[in-house]
Amino acid sequence: MNLIIDIGNTCVKLACFNDEKIVECIRVDKNEAKNGLLAFCAKYSFDKGICSTVAGLSDDFLSAIDSLPFGVIRLVSGETPVPIENHYATPFTLGSDRLAAVVGANYLRPDCNILVIDVGTCITFDFISSAGIYEGGNISLGPTMRFLALHEHTAKLPLVERKGCVKSLGNTTEVAIRSGVVQGIRYEIEGYVRAFLEKYPDLFVYLTGGVHLNLHFSEKMPIFANDFIVPIGLNRILEYNNEIV
């Protein structure tokens, strides 16, 4: 069994894979990362693992990983071998979660042109071609940052919760802010998809990430939700490195 550790900006994901199948995937708060990791590892008999992080790791958590009774490789963009061709001009600056996402997408849909949209702290748009070449992507503000920016950079706009009423036209300031952020994200995503469809009519789109906004897209949009694209990619990278040793 494989242990997948995906450390994001807001939480830690832990996943167990048996060969290529997900057995379990959980989220733990960063403050409980060590205890969560040890409890998860006590539940399964892992043979090997991989760790990806876009944030700093505490010495305590690093020690917990290093003390595990099996090897855990660290995914480092630009250094760790991956089963795709990376054309990012600055590979060492590429977020390991973005790299894992396109590897996972390519693994699930080989020979397809794929746009991976990850909605989390940031919203990322990453494209991998049918030839297995990662061409690059874009980074945008995630919903939480948008709500905070509206509140912190204005004199009177309140800080609004993500969950709640969304309308085409808000009839209160709270609804106007929430609707503007959520609808704006939807239009942004649809705009990217339309632009890519013009160039790649056979485009396949994966929508993933930890932030669920109840976005409703047209049936004509080739958008498919998959919450496990990054863990799947990390598992594939782990197996690939095991194969080439």
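Bear in mind that the values here come from a model prediction, so they are computed numbers and not experimental data. Here the residue index of a chain counts from 1 through its sequence in written order. Per-residue local features of the predicted model are confined to residues with pLDDT of at least 70, and side-chain atom pairs are confined, for both listing and counting, to 80 or more; whole-chain, interface and lining totals are unaffected and use all residues. In computing side-chain values, all of the structure's heavy atoms are included and hydrogens and water are not.

Draft legend 1. Structural context of the pattern of salt bridges. Put simply, a salt bridge is a Lys or Arg side-chain nitrogen that is within 4 Å of an Asp or Glu carboxyl oxygen. Under the defined criterion, the tally for this structure stands at 10 salt bridges. A salt bridge links glutamate 239 to lysine 48; the shortest N-O distance between them is 3.3 Å. You can see glutamate 239 sitting in helix α6 (residues 229-244) and its partner lysine 48 sitting in strand β4 (residues 48-53), a full 191 residues away along the chain. Taken individually, glutamate 239 and lysine 48 each receive the classification buried, so the pair is uniform in this respect. The residue arginine 146 makes a salt bridge to glutamate 188 at a minimum N-O spacing of 2.7 Å. Of the two residues, arginine 146 sits in helix α4 (residues 143-152) while glutamate 188 sits in helix α5 (residues 173-199), which places them 42 residues apart along the sequence. Helix and strand assignments come from DSSP, with helices taken as H or I runs of at least 4 residues and strands as E runs of at least 2, each series counted from the N terminus. The rule is simple: take the accessible area with a 1.4 Å probe, protein chains only, and divide by the maximum for that residue type; under 20% is buried, over 50% is exposed, in between is partly exposed.

Draft legend 2. Local environment of the environment of threonine 144. Among the secondary structure elements, threonine 144 is positioned in helix α4. On the basis of relative accessible area, threonine 144 is assigned to the partly exposed category, the value being 45%. Spatially, the C-alpha atoms of threonine 144 and arginine 74 are 28 Å apart, while their sequence positions differ by 70 residues.

Draft legend 3. Local environment of α6. Relative to the 22 Å expected for 16 residues at 1.5 Å per residue, α6 spans 23 Å between its end C-alpha atoms, a close match to the ideal helical length. Listed in full, the buried residues belonging to α6 are Ile229, Val230, Pro231, Ile232, Gly233, Leu234, Asn235, Arg236, Ile237, Leu238, Glu239 and Asn241. In a helix, the anticipated span is given by 1.5 Å times the number of residues less one.

Draft legend 4. A look at the sheet that holds strand β11 (residues 223-225). Should DSSP find at least two bridges between two strands, the strands are regarded as paired. With mixed pairing, the six strands of this open sheet are ordered in space as β6-β9-β8-β7-β10-β11. Only two strands of the sheet have a single neighbouring strand rather than two, namely β6 (85-86) and β11. Strand direction decides the pairing type here: strand β7 (residues 114-119) and strand β10 (residues 204-208), joined by five bridges, are parallel. By the bridge assignment, valine 116 is partnered in β10 with tyrosine 206. Note on contacts: a residue pair qualifies if any of its non-hydrogen atoms lie within 4.5 Å across the two residues. For helices, the fitted axis covers only the stretch in contact; all axes are lines through C-alpha atoms, and the angles between them, taken along N-to-C directions, range from 0 to 180 degrees. Contacting β7, β8 (122-128) and β9 (133-141), α4 runs over the sheet at an angle of about 30° to β9.

Draft legend 5. Inspection of the sheet that holds strand β3 (residues 21-29) at higher detail. The strand order across the open sheet formed by five strands is β3-β2-β1-β4-β5, and the pairing between neighbours is mixed. Of all strands in the sheet, those with a lone pairing partner are β3 and β5 (71-74), marking the two edges. The average undirected angle you get between the axes of adjacent strands in this sheet is 20°. With six bridges connecting them, strand β1 (residues 2-7) and β4 associate as parallel partners. Looking at the pairing, isoleucine 7 lines up with threonine 53 of β4. Sheet contacts for helix α2 (residues 59-66): β1, β4 and β5; angle to β5, the most-contacted strand, approximately 130°.

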